[in-house]
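What follows is the residue order along each chain.
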Amino acid sequence: MEMLQITGLHKRFGDKEVLKGLNLTVPEHSIFGFIGRNGAGKTTTMKTILGLLKADAGEILVNGEKAVYGQTATNRYIGYLPDVPEFYSFMTAREYLGFCGEITGMTKKVYRERSEELLELVGLNGEKHRIKGYSRGMKQRLGIAQALLNRPKLLICDEPTSALDPVGRKEILDLLLAVREQTTVLFSTHILSDVERICTDIALLHEGKVDIQGKLSEIRTQYRRDEYLVETDNEEGMHALQKAFPDIRQTGQNQLVFSEKDYAPGEVFRFVADRAVPVVKIERVEPTLESLFVEVVEK
Ligand SMILES: Nc1ncnc2c1ncn2[C@@H]1O[C@H](COP(=O)(O)OP(=O)(O)OP(=O)(O)O)[C@@H](O)[C@H]1O
């Protein structure tokens, strides 16, 4: 079953067309990485899903129900963490979750129990300080707790890790992994290593459309192209290789990488042998998500 289905979404701001027929399918219980460069339209898509922006065309189904601009009916399925979450900073985390529970109509007993569960989940149960003293990572964790308060079927997080240091990022990624059992996670990012760490499914937003989408494992197989690394300690050898194979990329001081799609490995190795290029190392390397996306974006 699909938790979110977007078909033919168009959105323009003035004369700038940001979304040009975006299609997106998010399966239930996936951790879905919505990837795109800065300004690609990720936030615009998310705000349209939430009914905060009006699409020019297209349809959005959340848990099978149509999302309508200005109406919030489908938002009962959604928990949302904006890119910069705002809190009442004079409150403690516990007070803040209680306040959110109260204004969304939960009974005291229910929100108290749920708040304790969530504070434990996000590692803030022992935290007595007011939110104003929190680090960015703590605020993001509290934001996730707040978004999960009403047990949403879909948790949408806008760039949850972008402003965090490696430790803070890991905490958020671990948290998103941990909540997968209870919900479906859709998060936007431009950090591909985060996607590689936790996502089951991905979509790449590029020039207003989704270029690639599906299971990360299948996409890896589908786009799999072996790459080879050649390391030499001789500058002349490096230049000779670069001259003979112009699409070879320099990845380090003495390292060159080429893709099987550009050159047959045998051809490069023969060149190395014939010219007696002094080689320190030759190895096959796994293509990263980054190299795959560079290929898609540049095609
Ligand atoms: N309200 C608005 N009025 C005019 N232009 C807008 C508005 N909101 C967004 N845009 C433009 O639409 C484009 C997409 O913005 P959006 O915030 O959706 O991108 P994004 O992929 O979330 O990027 P980022 O990673 O920088 O947040 C940008 O060029 C932005 O300047």
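- As annotated in an unreviewed UniProt entry, the protein carries the name ABC transporter ATP-binding protein and is attributed to Aristaeella hokkaidonensis.

## Describing the environment of Glu181
- Position of Glu181 among the secondary structure elements: in the loop between helix H5 (166-178) and strand S8 (184-189).
- Along the backbone, Glu181 and Lys42 are 139 residues apart, and their C-alpha atoms lie at a distance of 25 Å.

## Overview of the sheet that holds strand S13 (residues 255-259)
- In spatial order, the strands read S12-S13-S11-S14; together these four strands make up an open sheet with antiparallel pairing. What marks the edges here is a single partner per strand, and that holds for strand S12 (249-252) and strand S14 (279-285). Averaged over all pairs of adjacent strands, the angle between strand axes in this sheet comes to 25°, irrespective of strand direction.
- Alignment of S12 against S13, held across three bridges, turns out to be antiparallel. Within S13, the position partnered with Arg249 by the bridge is Val257.
- Against the sheet, helix H8 (residues 235-244) contacts strand S11 (227-232), S12 and S13, and its axis sits at roughly 20° relative to S13.
- Helix-sheet contacts for helix H9 (residues 265-274) involve S11, S13 and S14, and the interaxial angle to S13 is about 145°.

## Regarding the site of the ligand
- Neighbouring residues of the ligand: Phe13, Lys16, Val18, Arg37, Asn38, Gly39, Ala40, Gly41, Lys42, Thr43, Thr44 and Glu159.
- Lys16 places a side-chain nitrogen or oxygen 2.7 Å from an oxygen atom of the ligand.
- Here an oxygen atom of the ligand sits 3.1 Å away from a polar atom, N or O, in the side chain of Asn38.
- The fraction of the free accessible surface of the ligand (640 Å²) that becomes covered by protein chains is 60%.
- At the level of secondary structure, the elements contributing two or more residues to the shell around the ligand comprise strand S2 (16-27) and helix H1 (42-49).
- Considering each element in turn, the shell around the ligand owes the most residues, three residues, to H1.
- Classifying every residue of the shell around the ligand gives three nonpolar, five polar and four charged.

## Concerning unusual backbone geometry
- Despite not being glycine, His29 shows a phi value in the positive range, around 60°.
- Checked against the element boundaries, His29 lands in the loop between S2 and strand S3 (31-35).
- Owing to a relative accessible area of 32%, His29 belongs among the partly exposed residues under this scheme.
- One non-glycine residue, Glu159, adopts positive backbone phi at about 45°.
- One can find Glu159 in the loop between strand S7 (154-158) and H5.
- Looking at Glu159, the relative accessible area reads 13%, which means it is buried.

## As for the packing of H8 against H9
- Contact geometry of H8 with H9 gives a least axis separation of 11 Å together with a crossing angle of 140°. It follows from the interaxial angle that H8 and H9 lie oblique. Crossing geometry of H8 relative to H9 is assigned as right-handed. Contacts from Ala240, Leu241 and Ala244 in H8 reach Val268, Phe271 and Val272 in H9.

## Focus: H8
- Three or more residues of H8 are buried, namely Gly237, Met238 and Leu241. Here the buried residues of H8 occupy an arc of 105° about the axis, which is enough to place them on one side. Facing away from the buried side of H8 by more than 90 degrees, the exposed set consists of Glu235, Glu236 and Lys243.
- Next to the buried residues of H8 lie S11, S12, S13 and H9.
- Two or three places before Glu236, at the start of H8, stands the capping residue Asn234, its side-chain oxygen 2.8 Å from that residue's backbone nitrogen.

About the cut-offs
Residues numbered from 1 in each chain as written. Predicted model: local features only at pLDDT ≥ 70, side-chain atom pairs only at ≥ 80, totals over all residues. Heavy atoms only, no water. Helix = DSSP H or I, 4+ residues; strand = E, 2+ residues; numbered from the N terminus. Pairing = 2+ DSSP bridges. Axes fitted to C-alpha atoms, helices over the stretch in contact; angles between N-to-C directions. Contact = heavy atoms within 4.5 Å. Near = heavy atom within 4 Å. Polar contact = N/O pair within 3.5 Å; in protein donor to acceptor, adjacent residues only side chain to side chain. Areas by Shrake-Rupley, 256 points an atom, 1.4 Å probe, with all protein chains shown as cover. Nonpolar A, V, L, I, M, F, W, Y, C, P; charged D, E, K, R; others polar. Buried < 20%, exposed > 50% of the residue type's maximum accessible area, 1.4 Å probe, protein only. Parallel < 35°, antiparallel > 145°, perpendicular 65-115°, else oblique. Left-handed = near helix turned anticlockwise from the far one by under 90°. Arc of directions from axis to C-beta.

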